[in-house]
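Take a look at the letters that make up each chain.
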Amino acid sequence: MPLSFSPEAQRKIAETRRQYPNAQAACLPVLHIAQDEFGYLSDEALELVAQTLNLPTAHVFGVATFYTMYHRKPVGRHVLMMCTNVSCMLRGAYDTLRCLEERLGIRAGQTTPDGEFTLVEEECLAACADAPAMVCGQRYFLHLTPDRVDEALQECRSLPPTHGRRRS
Amino acid sequence: MPADRNVKIVTRNFGIPNSNRIDVALQRGAYARVQTAFHMAPAAIVEEVKKSNLRGRGGAGFPTGIKWGFVPKGAQTVYLVCNADESEPGTCKDRELMYWDPHLLIEGMIISSYALGCRHAYIYIRGEMMREAAVLQEALREAYQRGYLGREVQTLSGPFRLDITLHRGAGAYICGEETSLLNSLEGKRGWPRMKPPFPAVRGLFGQPTIVNNVETLMNIPAIIEKGGQWFAELGMGRSGGTRILCMSGHLVRPGVYELPMGITLREVIYDVCGGVPGGKRVKAVIPGGTSMPPLDGDELDVPMEFDALMNDPRIKPVEVRPGEVFELAPGKPLRTMAGSGGVVVMDEDTDIVAVCARIMRFYAHESCGQCTPCREGTGWLARVCTRLAEGKGRPGDTDLCASIAHGIAGNTICPLGDAAAWPMLGFITKYRAEFLARERGAPHRAGPVANTAGLPNAPLLLSPGGA
Ligand SMILES: Cc1cc2nc3c(=O)[nH]c(=O)nc-3n(C[C@H](O)[C@H](O)[C@H](O)COP(=O)(O)O)c2cc1C
Ligand code: SF4
Ligand code: FES
């Protein structure tokens, strides 16, 4: 069955479209809406975005692959972005990352088999003064040392999915 | 006269409960300065901002009033874009500023838009900042509801109405560079544009556009309230206002602090941040985000002011090779720069080569791939630095890094190339012996805590542009 946007997403898209003098400028926000709607950006989702905004499919593919937050493959319900950049590294972020990998049984860049978590090694999250830092959706985990990883993962499970409603 | 450390312009609402709600913000004076501004002529506001010596807080430190003055007279459509993409490693102020005081940003944008003749402004917020995007969206909704936005008002220069749209990025450091940001806002890949033309002449949707950092715009209301001269006098030399420093790394009290412009690095580290844990020595400090060359432990007595960090002779110039100074222009050696205010402090046990390798990996990952020196050069730097850090260095690797960096610097479309090359040269200039030791495979002798233990375990990623 071909993909389609829910009425709510359609309303959001129409509202977004009004914020810009041309349709192309709505490309990033509509890709976000599509990702929230479908959980990730499959080829079909990108075609739907292209159709909706009346843009060349190649353009939408080019944009979607440029930015790291657009997922071209299914991701877990919770995307864990663990910063390992300098300020966090100096305060042990690689120990935390290893601990996360161990607890989840995956390497950075992978998704757990149960589809709960995707672990991403992130660049600076602008929380350097509270390093090491991890973000899951709207929740920041600060001073995240290995001894606090279990507690953090427990809390993450109860958070809403990182990318919207996951209608799939 | 020592400057008053208690003057808070943009952080005065930090820690106030519900400071992001409009009722609390209004009680604390939000939007009061909009009325003052509307009784002024737009040109008079630009003049006041010029007088204030406000310099851009996004990284380059360019005088804001002068930039505003570049908008062609009589332009029909002008855009103001707030750069809220904050992703320079070590920098964490804009996120906090937006979180604690979104209404001050909106107020600053209303006044700035009026001064510039902008009718529709955009806030480009970094995609990862989902919480701050929600806070801002709610603040915008409140501002619309109360009529500060989206409603026509009478001003000295006639009717005025402003809309502000929040635009989320999607993960790409390069989109902080203003022309890349504009392409991204237009719905394209974030590829930087050739300059000139500068955005002030031809920017968003081909129209004159002013791009300003979050902190820059949040200073505007105070300039309107208290005057440009007050703001200029608060600062030091040609830099007006206060200085926000994001203090991270090996510190007892890291944090985001609003401080006098002329405060020295030593005062910030020891008086404000409580020094280094365990009483250790400072080995290196990145003074303004990872794009800036580091200072060593003997260079802590310089003021954190824009010009001082560029010119103070107490800062050793960056070299291409021993004895050969890297010059930004004839007779103008590169020392360091104030950048984004992201200060990263490293103690005596820090593995400098590993830190440098991590920084180079960042730039290699974030290069947009448009120009060859940057795309290829940052990748080489990351690989050679990483093998040095892993103790698999080869003889000559240190000079190889320096020559690659030298080949990138000044030869690219946008300053990301310099942002990788400058710190590379800076680290080699100041810690050459450590790099040379690693060529011979000598391991880093870490202290009891392996501060910098571990290097990236993910393989080097290709640039997102893929080119
Ligand atoms: C690679 C690169 C990344 C940048 N990232 C940011 C950023 O995240 N935020 C920002 O305000 N400015 C950033 N800048 C600086 C902007 O290009 C621009 O100078 C600034 O937004 C202008 O605002 P200001 O004059 O108020 O500082 C970056 C520049 C470069 C070259
Ligand atoms: S310098 Fe690097 S980031 Fe900038 S345009 Fe060239 S390749 Fe892209
Ligand atoms: S370096 Fe980790 S949040 Fe900035």
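### Looking at the overall build of chain A
So, step 1. Scanning chain A from terminus to terminus reveals seven helices and four strands.
So, step 2. In terms of its C-alpha atoms, chain A occupies a principal-axis envelope of roughly 50 × 30 × 25 Å.
So, step 3. Counting the 168 residues in chain A, one finds 57% classified as buried.
So, step 4. Taking the contacts inside chain A whose residues are at least 6 apart along the sequence as the reference set, 64% of them involve residues at least 24 apart.
So, step 5. For chain A, the accessible area works out to roughly 7000 Å², and carbon and sulfur atoms hold 49% of it.
So, step 6. On chain A, the mean spot of the 17 positive side-chain charges and the mean spot of the 20 negative ones are 5 Å from each other.

### Re the site of ligand 2
Residue and element names in this part refer to chain B.
So, step 1. Taken together, 13 residues surround ligand 2, and among them Cys 368, Cys 371, Cys 374, Thr 412 and Cys 414 come closest.
So, step 2. A molecule is said to occupy a pocket when more than half its atoms come within 2 Å of that pocket's grid points, and by this definition ligand 2 occupies the largest cavity.
So, step 3. Among the residues forming the shell around ligand 2, the class breakdown is eight nonpolar, five polar and no charged.

### Here's the deal with the domain arrangement of chain A
So, step 1. Segmenting chain A into domains produces domain 1 (7-66) and domain 2 (78-158).
So, step 2. Measuring from the centre of the C-alpha atoms in domain 1 of chain A to the corresponding centre in domain 2 of chain A gives 29 Å.

### Details of the site of ligand 1
Residues and elements named next belong to chain B.
So, step 1. Taken together, 17 residues form the shell around ligand 1, and within it Gly 58, Asn 83, Asn 212, Asn 213 and Thr 216 come nearest.
So, step 2. A distance of 3.3 Å separates a nitrogen atom of ligand 1 from a polar atom in the backbone of Gly 176.
So, step 3. A total of three residues in the shell around ligand 1 trace back to one element, the largest contributor, which is strand E6 (residues 209-213).
So, step 4. Residue classes in the shell around ligand 1 are distributed as three nonpolar, eight polar and six charged.

### Here we look at the pairing of strand E1 (residues 78-83) of chain A
Looking down a regular strand, the side chains alternate between one sheet face and the other.
All names here are of chain A.
So, step 1. Among the six residues of E1, six are classified as buried, and the element is accordingly described as predominantly covered.
So, step 2. Across the two faces of E1 the burial is the same, with His 78, Leu 80 and Met 82 and Val 79, Met 81 and Cys 83 all buried.
So, step 3. Relative to strand E2 (residues 117-122), E1 runs parallel, the two sharing six bridges. Across the sheet, Met 81 pairs through a bridge with Val 120, a residue of E2.
So, step 4. Bridge count for E1 against strand E3 (residues 134-136) is three bridges, and the pairing is antiparallel. From the neighbouring strand, Met 82 faces E3, where its bridge partner is Met 134.

### A look at the domain arrangement of chain B
Residue and element names in this part refer to chain B.
So, step 1. Parsing chain B into structural domains produces domain 1 (22-234), domain 2 (238-348) and domain 3 (351-460).
So, step 2. Just the C-alpha atoms count here: the centres of domain 2 and domain 3 sit 20 Å apart.
So, step 3. At the junction of the two partners, domain 2 supplies 25 residues and domain 3 supplies 19 residues.
So, step 4. Summing the contributions of domain 2 and of domain 3, the shared interface buries around 2000 Å²; its carbon and sulfur component is 65%.

### Some points on empty space enclosed by the protein
So, step 1. On inspection of all chains with the given rule, the structure shows four cavities of 30 Å³ or more.
So, step 2. A volume near 70 Å³ is recorded for the largest cavity.
So, step 3. Class assignment of the residues belonging to the lining of the largest cavity gives a composition of eight nonpolar, five polar and no charged.
So, step 4. By volume, the second largest cavity amounts to about 40 Å³.

### What to know about the packing of aromatic side chains
All names here are of chain B.
So, step 1. Taken as a whole, this structure holds 18 aromatic pairs over all chains when the rule is applied.
So, step 2. Ring centres 5.2 Å apart and planes at 75° place the aromatic pair Phe 38 and Tyr 114 in the edge-to-face group. Separated by 76 residues along the polypeptide, Phe 38 in helix H2 (residues 32-38) and Tyr 114 in helix H6 (residues 102-116) bring together distant segments of the chain.
So, step 3. The exposure class assigned to Phe 38 is buried, which follows from its relative accessible area of 6%.

### Quick notes on the sheet that holds strand E15 (residues 342-347) of chain B
Residue and element names in this part refer to chain B.
So, step 1. One open sheet holds the five strands; their spatial order is E8-E7-E15-E9-E10, and the pairing between them is mixed. The open sheet terminates on both sides in strands that have one partner only, identified here as strand E8 (255-260) and strand E10 (295-296).
So, step 2. Examined bridge by bridge, strand E7 (residues 242-249) and E15 share four bridges and lie parallel to one another. Across the sheet, residue Gly 249 finds its bridge partner in E15, namely Val 345.

### Details of the interface of chain A and chain B
So, step 1. With 49 residues of chain A at the interface, the matching set in chain B holds 72 residues.
So, step 2. Here chain A meets chain B over a buried area of about 4600 Å², counting both sides, of which 56% is carbon and sulfur.
So, step 3. Of all residues in chain A, the largest losses of buried area upon contact with chain B belong to Phe 66, Met 89 and Leu 90 of chain A, amounting jointly to 16% of the total for that side.
So, step 4. Taken together, the links from chain A to chain B amount to two salt bridges.
So, step 5. Here Arg 361 of chain B and Glu 121 of chain A are joined by a salt bridge, their closest N and O atoms 2.7 Å apart.
So, step 6. The interface formed by chain A and chain B includes 23 residue pairs in polar contact (both at pLDDT 80 or more).
So, step 7. Looking at the side of chain A that touches chain B, the elements with two or more residues in it are helix H2 (27-38), helix H4 (57-66), helix H5 (86-89), helix H6 (93-104) and E2 of chain A.
So, step 8. Looking at the side of chain A that touches chain B element by element, the count peaks at five residues for H4 of chain A.

Parameters at a glance
Residue numbers here run from 1 along each chain, matching the order of that chain's written sequence. All chains are assigned letters beginning at A, and all ligands numbers beginning at 1, according to the order in which they are written. Confidence filtering applies because this is a predicted model: local features only for residues at pLDDT of at least 70, side-chain atom pairs given and counted only at 80 or more, and all residues used for totals across whole chains, interfaces and linings. The side-chain quantities take in all heavy atoms of the structure and omit both hydrogens and water. Elements are defined by DSSP. Helices are runs of H or I of four residues or more, strands are runs of E of two residues or more, and each kind is numbered from the N terminus. Exposed residues in this analysis have more than 50% of their type's maximum accessible area, buried residues have under 20%, and partly exposed residues fall in between, with area computed by a 1.4 Å probe over protein chains only. The criterion used for residue contact is that any of the two residues' heavy atoms lie within 4.5 Å. Accessible areas in this description were obtained via Shrake-Rupley with a 1.4 Å probe; residue shielding takes into account the shown protein chains only. Charged-residue counts in this description rest on Lys and Arg as positive and Asp and Glu as negative, His and the chain ends being excluded. For charged residues, the charge sits on one atom: NZ in Lys, CZ in Arg, CG in Asp, CD in Glu. The near set for a molecule or strand comprises every residue that places at least one heavy atom within 4 Å of it. Of the grid points, spaced at 1 Å and generated over the protein atoms alone, those admitting a 1.4 Å probe that cannot get out make up cavities, while open sets with protein on both sides within 12 Å along at least five of seven lines make up pockets; any residue with an atom within 4 Å of a point is treated as lining. A pocket or cavity is taken to hold a molecule when more than half of that molecule's atoms are within 2 Å of the pocket's grid points. Classification convention: Asp, Glu, Lys, Arg as charged; Ala, Val, Leu, Ile, Met, Phe, Trp, Tyr, Cys, Pro as nonpolar; all other residues, Gly among them, as polar. Domains are outlined according to an automatic or database domain assignment. Polar contacts here mean pairs of N or O atoms no more than 3.5 Å apart (in protein, one a potential hydrogen donor and the other a potential acceptor; neighbouring residues in sequence count only if both atoms are side-chain atoms). Here, a strand pair is defined by DSSP locating no fewer than two bridges between the strands. Put simply, buried area is the surface a 1.4 Å probe can reach on two separate parts but cannot reach once they are joined, added for both. Grid points are joined across faces, edges and corners, and a volume is the space filled by probe spheres set on the points. Whether two aromatic rings pair depends on their centres lying within 6.5 Å, for rings of Phe, Tyr and Trp, where Trp uses its six-membered ring; planes under 30 degrees apart make the pair stacked, over 60 edge-to-face, and the rest tilted. When a carboxyl oxygen of Asp or Glu lies within 4 Å of a side-chain nitrogen of Lys or Arg, that pair is called a salt bridge.

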